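Coordinate analysis (summary)
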Amino acid sequence: QVQLVESGGGLVQPGGSLRLSCAASGSFFRIIGMGWYRQAPGKQRELVAAVNAGGGTDYADAVKGRFAISKNNAMNTVYLQMNSLKPEDTAVYYCNAKGYIDYVRHDEYWGQGTQVTVSS
């Protein structure tokens, strides 16, 4: 019942910046965390960044020092600030949310994806 909607993708030149947003509707019994994944042509989907309910973060080595993930207090919106973008960052970026739907079961949901293209 959770729905995720991404926004903020687009075309940017190398070295530029972009900020992605993901808004969640509906609710989990208890949220575990939210994150961003990406998938480039010919490659498997990979984790970019994640944040848990306590504020802890995790980043892929390829984006450390360039990207930053953040969330609002209610954890119904998550952001991805992308700086110093490179052509190899070009991909479809997907928002992901994980949470418990009751005391013993957990589930995950995906957004529809937003295209990020880094090119001159």
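Relevant structure appears above.
Throughout, a residue's number is its position along its own chain's written sequence, starting from 1. For a predicted model such as this one, the threshold for reporting local features is a pLDDT of at least 70, and the threshold for listing and counting side-chain atom pairs is 80 or more; totals across whole chains, interfaces and linings nevertheless cover every residue. Excluded from the side-chain calculations are hydrogens and water; all other atoms, namely the structure's heavy atoms, are used.

Digging into the state of the cysteines
For the record, the criterion: Two cysteine sulfur atoms make up a disulfide if the distance between them is within 2.5 Å. Labels follow the DSSP assignment, with helices taken as runs of H or I lasting at least four residues and strands as runs of E lasting at least two, numbered in each case from the N terminus. Think of it in three bands: residues with accessible area under 20% of the maximum for their type are buried, residues over 50% are exposed, and the middle band is partly exposed, with areas taken using a 1.4 Å probe on protein chains only.
Applying the stated criterion across every chain yields a total of 1 disulfide. In this model, C22 is linked to C95 through a disulfide, with the two sulfur atoms separated by 2.1 Å. Measuring handedness by torsion sign, the sulfur bridge of C22 and C95 sits at about -85° and is left-handed. Of this pair, C22 sits in strand β3 (residues 18–25) while C95 sits in strand β9 (residues 91–100), and the two are 73 residues apart along the sequence. The same class applies to C22 and to C95, which are both buried.

Quick word on the pattern of salt bridges
Basically, it comes down to this: The salt bridge criterion pairs a side-chain nitrogen of Lys or Arg with a carboxyl oxygen of Asp or Glu, the two atoms within 4 Å.
Throughout the structure, instances matching the rule amount to 6 salt bridges. The salt bridge partner of D61 is K64, with a shortest N-O separation of 3.0 Å. Between R66 and D89 there is a salt bridge, and its shortest N-O distance comes to 2.8 Å. With R66 in the loop between β6 (57–59) and β7 (67–71) and D89 in the loop between β8 (77–82) and β9, the pair connects residues that are 23 residues apart, well separated along the chain.

Side note on the packing of aromatic side chains
Spelled out, the test is: Ring geometry is summarised as follows: Phe, Tyr and Trp rings, the Trp one being its six-membered ring, pair when their centres sit within 6.5 Å, and such pairs are stacked at plane angles under 30 degrees, edge-to-face over 60 and tilted between the two. Cation placement over rings: the criterion is NZ of Lys or CZ of Arg within 6 Å of the ring centroid and within 35° of the ring normal.
Evaluation of the coordinates by the stated rule reveals 2 aromatic pairs. The interplanar angle of 65° and the centroid separation of 5.0 Å between the aromatic rings of Y37 and W110 together place this pair among those described as edge-to-face. With a gap of 73 residues between them, Y37 in strand β4 (residues 30–39) and W110 in strand β10 (residues 106–110) connect regions that are remote in the sequence. A residue is classified by how much of its surface remains accessible, and Y37, at 18% relative accessible area, is buried. Directly above the aromatic system of Y94 lies the positively charged group of R45, at a separation of 3.8 Å from the ring centroid. Above the ring of W110, the side-chain terminus of R45 is found at 4.7 Å from the ring centroid.

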